[in-house]
Amino acid sequence: MSNNILLGSKEYFPNINKITYEGTESTNPLAFKYYNEDSVVSGKTMREHFRFAVAYWHTFCGTGSDPFGPGTKIFPWYQKTNPMKAAGYRLDAAFEFFTKLGVPFYCFHDRDISPEGQSIEESENNLKYIVSLAEEKQENSDVKLLWGTANLFSHPRYMNGAATNPDFEVVAYAASQVKAAIDATIRLGGQNYVFWGGREGYYSLLNTEMKREIDHLAMFLQKARDYGRDAGFEGTFLIEPKPLEPTKHQYDYDVATVVAFIHEYGLENDFKINIENNHATLAGHTYAHEVQVAFNYSLFGSLDINQGDPHNGWDTDEYLYNLYDATELMLVILQSGGVGNGGMNFDAKTRRSSTDLEDIFIGHINAMDTLARGLLTADNILKNSDYLNMKKNRYASFDYGDGANFESGELGLVDLKNIASKNGDPRQISGKQELFESLVNNYLV
Ligand code: XUL
Ligand code: CO
């Protein structure tokens, strides 16, 4: 390596060793109590169930700034004067972190791993160089790329959107960035490529041709897909829904909206959906609901694992610690066949006032344990309780006779009317929601 910006010798987390599984008796915050990567649950190791990934942006770039003040976190890999050196230090710190935490994957935006240059060519060269270093790091570790993406929302040029910008020059600029980010993802063996809507949406319908903008978004994604396939990308393209923020109305509002978009524009063979818990909360849905909707249409792709705060209306990106969310999520995932080539990316950050380096480890460890508990609880419920029977029995009237004939399409509206006349008013059948809720609570690990 000629331009060796990678020092490689410095340890960024010297007080933290490889995180190990110590079991439920442990009180060590820097150990797993439930996540045991080799432990087999329902035919798969925990490592395979979750396919955990660290989000580069929050973990190594997010210093905690908010609209009221600058960042609070003093990262030892921070380097002010030379952005490429800083990128190299960040990469060192990142791979030390991945390896010590023991996660199999990571995810990045182009600008998280390498700085924007003075021109498109310089930006591309920066990215290529850092990617060559990352490639080496991957080869020397067990860490792989779950997905790459392009940051099409931070730079002021994207203030009116990227693919949906009313100015064609901005659309073309965004395409140049996506091309380079797809190249980087291919080179690093990324298993997916993500499009989160960034500023694709609108603030006021008065100045917006919504249909035209959405047509442009679809055209942009079709061309990105064509480029990626020609360049040898065999993974899945993912769209990540979010209802609002930064724009007032994001075009990829929720899973159902994205399902319609994918089908309307013929993207269903190449695109699936990356679902984030906090975005579900903002859309007024539960995480389990959004994930179930994606599975209903065979468009489940991957997960951004975090949680929001139900008391405010923005994206707080907290580490998942809610055991109910984890349990309901894992009930859906286990019943639907698992995360496939997707995974669980921690799109989460420590709080602005959490300034110790170990806080980043503790956030991840607790989320991994939370999900492991969700998995164990869900598996136990599905295997050892009456849950599945209780659910199935609610639909028993469709398993035989007229109900079965309705499901197979043999009964018209007149037939249904005649059946109703013959049977009279249906008897009342309890939905037993409280019983379902108490069953789940009784099995919580
Ligand atoms: C923003 C968000 C992004 C995407 C990747 O709310 O979730 O970090 O996950 O661009
Ligand atoms: Co996300």
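The paragraphs below set out a description of the structure included in this document. (Residues numbered from 1 in each chain as written. Chains lettered and ligands numbered in written order. Predicted model: local features only at pLDDT ≥ 70, side-chain atom pairs only at ≥ 80, totals over all residues. Heavy atoms only, no water.)

Concerning the coordination of the cobalt ion (ligand 2)
Around the cobalt ion (ligand 2), the donor atoms from the protein are Glu 240 (OE), Glu 276 (OE), Asp 304 (OD) and Asp 347 (OD), and they sit 2.0 to 2.1 Å away. Around the cobalt ion (ligand 2), the 6 donor atoms sit at angles spanning 83 to 170°, and that spread fits a shape best called octahedral. Ordering the donors of the cobalt ion (ligand 2) by residue number gives the pattern E-x35-E-x27-D-x42-D. Placement of the pair is Asp 304 in strand β11 (residues 300–304) and Asp 347 in the loop between β12 (344–346) and α12 (358–384), with a sequence separation of 43 residues. According to the relative accessible area criterion, Asp 347 is buried, its value standing at 7%. (Donors = N, O, S within 2.8 Å, 3.2 Å for Na, K, Ca; no water. Tetrahedral: all angles 85-135°; square planar, octahedral: opposite > 155°, others 65-115°. Helix = DSSP H or I, 4+ residues; strand = E, 2+ residues; numbered from the N terminus. Buried < 20%, exposed > 50% of the residue type's maximum accessible area, 1.4 Å probe, protein only.)

Concerning the site of ligand 1
Around ligand 1, a shell composed of Trp 57, His 109, Trp 196, Glu 240, Lys 242, Glu 276, His 279, Asp 304, Asp 315 and Asp 347 is seen. Lys 242 is positioned such that a nitrogen or oxygen atom in its side chain is 2.9 Å from an oxygen atom of ligand 1. For ligand 1, an oxygen atom lies 3.0 Å from a polar atom in the side chain of His 279. (Near = heavy atom within 4 Å. Polar contact = N/O pair within 3.5 Å; in protein donor to acceptor, adjacent residues only side chain to side chain.)

Digging into the sheet that holds strand β6 (residues 192–196)
Spatial ordering of the closed barrel is given by β3-β4-β5-β6-β8-β10-β11-β12, a layout of 8 strands whose pairing is parallel. Adjacent strand axes in the sheet meet at a mean angle of 30°, parallel and antiparallel pairs treated alike. Here strand β5 (residues 144–149) pairs with β6 via 2 bridges, running parallel. Following the sheet pairing, Trp 147 is matched in β6 by Asn 192. Against the sheet, α12 engages β3 (52–55) and β12, with an angle of about 150° to β12. (Pairing = 2+ DSSP bridges. Axes fitted to C-alpha atoms, helices over the stretch in contact; angles between N-to-C directions. Contact = heavy atoms within 4.5 Å.)

Topic: the pairing of β3
Both faces of β3 are covered, namely the face carrying Phe 52 and Val 54 and the face carrying Ala 53 and Ala 55. Two elements, β3 and β12, share 3 bridges in a ladder whose sense is parallel. Residue pairing across strands places Val 54 opposite Phe 346, the latter belonging to β12.

Examining the nonpolar core
In terms of nonpolar packing, the biggest core is built from 124 residues, with Phe 98 and Leu 303 touching the most fellow members. Per-element accounting of this core gives the leading share, 11 residues, to α12. When neighbours within four sequence positions are excluded, Phe 98 is seen to be in contact with Val 54, Tyr 56, Phe 60, Val 103, Tyr 106 and Val 143. (Core = buried A, V, L, I, M, F, W, Y, C linked by side-chain atoms within 4.5 Å.)

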